[in-house]
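# Remarks on the overall topology
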Amino acid sequence: MVPDKWRCEPTLRRLAWLAAAALALCACSSPAGGTATSPQASASPSAPTSLSAPSVQADGPIWQLKWRTDFPESAPLGAFSDCNNYDRTPAAYCGGLPADVRSQWWAYPSGWPDSATEVHMPLGGYYDPAHTVWISGGQMHIRMFRTTGPIHSAAVVPRASIGLLYGKYVERFRVVNPDSSTGYKSSHLLWPTSYPLKYEVDFPEGEWDSYFCVHVHSIPQGTATKNLCPAAPSWGTWNTTEIEWWPGNVAFYLNGAEIYHVTGKWVPDERMSWIIQNESALNGELAPEHSSAQLNISYVAVYTYAGEKG
């Protein structure tokens, strides 16, 4: 039986696909059978010791840290299993994780279709956290791959972020080899917890062999989309991104500097969850057979909104 999420989600995910297609034009003028196995987990460079710190504003919203991690506890490949527990609620967990990590993370369960599969792209994928996600050396590693069938995708969710009304969401990340990551992408997003669906907020979103953008989708604005692609932010370098969401506002930060700000009917007014979603490309690129691509994350933080500075 298909989860309710996948009956309702295509409305906004198709908007995301159309936005990706439009940006591509501007730049130019059923799960496979058998048991999946992942490529060998590869080592990766350490995160730099000096990265842009989360922004501090002189005025505006007040944020209270709810949870943060720089991944001190390890979780081997295969531990992100048994994730279909209380899904999409704050109680959700992956039963295969060590206790300390289980209290912090959930992942889309094995077999859920990714966005490319949902919109019937020529090549899509299915979430497979047990074979794509592990934690070691102070980083979370997300290595998607393809053998000869669909892509094995990965979406991880900080449990502290599920179902919040307003918040700040911070992460530091890089793609290991962006030039060889054709066919893979990310859409790290705020997604509603109830229906009917009205909003989707994506940042960073983009194909790993290209750049990443901001996309804000609003049903109250007539299914319109606001888009911003900052000047050449490479997936291959360490970046810190932030989404700050408070009443009537969503602001986007890249490496400590505000790059975009939406207000009014573009701003969600319902509870949302922050999903670190990684999946098949939506721009028509096809991941080659027997290929893989890896994203490393060195820091994640979730803040709650505590009012305005006065």
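Rules used in this analysis
Residues numbered from 1 in each chain as written. Predicted model: local features only at pLDDT ≥ 70, side-chain atom pairs only at ≥ 80, totals over all residues. Heavy atoms only, no water. Helix = DSSP H or I, 4+ residues; strand = E, 2+ residues; numbered from the N terminus. Buried < 20%, exposed > 50% of the residue type's maximum accessible area, 1.4 Å probe, protein only. Areas by Shrake-Rupley, 256 points an atom, 1.4 Å probe, with all protein chains shown as cover. Salt bridge = Lys/Arg side-chain N within 4 Å of Asp/Glu carboxyl O. Phe/Tyr/Trp six-rings, centres within 6.5 Å; stacked < 30°, edge-to-face > 60°. Lys NZ or Arg CZ within 6 Å of the ring centre and 35° of its normal. Disulfide = S-S within 2.5 Å. Contact = heavy atoms within 4.5 Å. Core = buried A, V, L, I, M, F, W, Y, C linked by side-chain atoms within 4.5 Å. Polar contact = N/O pair within 3.5 Å; in protein donor to acceptor, adjacent residues only side chain to side chain.

### Comments concerning the overall build of the protein
Scanning the protein from terminus to terminus reveals five helices and 16 strands. Of all 310 residues assigned to the protein, the portion counted as buried reaches 55%. Taken as a whole, the protein presents about 12,300 Å² of accessible surface, with 53% of it coming from carbon and sulfur.

### What to know about the pattern of salt bridges
Summed over the entire model, instances satisfying the criterion amount to six salt bridges. The residue aspartate 70 makes a salt bridge to arginine 68 at a minimum N-O spacing of 3.7 Å. Looking at aspartate 70, the relative accessible area reads 38%, which means it is partly exposed. Residue classification places arginine 68 among the partly exposed residues on the basis of a relative accessible area of 38%.

### Quick notes on the packing of aromatic side chains
Counted by the stated rule, this structure contains 18 aromatic pairs. Taken together, a centroid distance of 5.4 Å and an interplanar angle of 45 degrees make the contact between tyrosine 169 and tryptophan 274 tilted. Within this pair, whereas tyrosine 169 is found in strand S7 (residues 167-175), its partner tryptophan 274 is found in strand S15 (residues 272-280), the two being separated by 105 residues in sequence. Through pairs of rings, three or more aromatic residues link up here, namely Phe173, Phe203, Phe212, Trp235, Phe252 and Tyr260. Cation over ring: arginine 172 sits above tyrosine 299, and NZ or CZ is 4.8 Å from the ring centre.

### Quick notes on the state of the cysteines
Counted under the stated rule, the structure contains two disulfides. Through a disulfide, cysteine 83 is tied to cysteine 94; the S-S separation comes to 2.1 Å. Taking the torsion about the sulfur-sulfur bond, which here is approximately 110 degrees, the covalent link between cysteine 83 and cysteine 94 counts as right-handed. Note that cysteine 83 is positioned in the loop between strand S1 (61-69) and helix H3 (99-102) and cysteine 94 in the loop between S1 and H3, a separation of 11 residues in sequence. Taking the relative accessible area as the measure of exposure, cysteine 94 reaches 0% and is therefore buried. The disulfide that involves cysteine 213 links it to cysteine 229, with 2.0 Å between the sulfurs.

### Brief notes about unusual backbone geometry
The omega torsion across tyrosine 195 and proline 196 is 5 degrees, close enough to zero to call that bond cis. By the element assignment, proline 196 lies in the loop between strand S8 (184-192) and strand S9 (199-207). The step from phenylalanine 203 to proline 204 runs through a cis peptide bond, and the omega angle for that step is 0 degrees. Tracing the backbone shows proline 204 in strand S9.

### Concerning the environment of threonine 237
Within the secondary structure, threonine 237 is located in the loop between strand S11 (224-228) and strand S12 (239-246). Residue threonine 237 is classed as partly exposed on the basis of its relative accessible area, which comes to 41%. Spatially, the C-alpha atom of threonine 237 lies 5.5 Å from that of arginine 174, the residues being 63 residues apart in sequence. With sequence-adjacent residues up to four places away left out, threonine 237 is seen in contact with Phe173 and Arg174.

### Concerning the nonpolar core
Of all hydrophobic cores here, the largest spans 66 residues; its most connected members are Phe80, Trp105, Met140, Val156, Phe252 and Ile297. With residues up to four places along the chain from it excluded, the contact list for valine 156 reads Phe80, Trp105, Trp106, Ala107, Val133, Met140, Ile142, Ile275 and Ile276. One finds Trp63, Val170, Ala251 and Tyr303 within the second-largest nonpolar core, a separate group that totals eight residues.

### Examining the environment of glutamate 308
Along the chain, glutamate 308 falls in strand S16 (residues 291-308). Looking at glutamate 308, the relative accessible area reads 42%, which means it is partly exposed. Sequence separation of glutamate 308 and tryptophan 63 is 245 residues, and the distance between their C-alpha atoms is 9.1 Å. Residue contacts for glutamate 308: discarding those within four places in its chain leaves Gly60, Pro61, Ile62 and Trp246. For glutamate 308, the side chain forms a polar contact with the side chain of tryptophan 246, separated by 3.4 Å. There is a polar contact of 3.0 Å between the side chain of glutamate 308 and the side chain of tyrosine 305.

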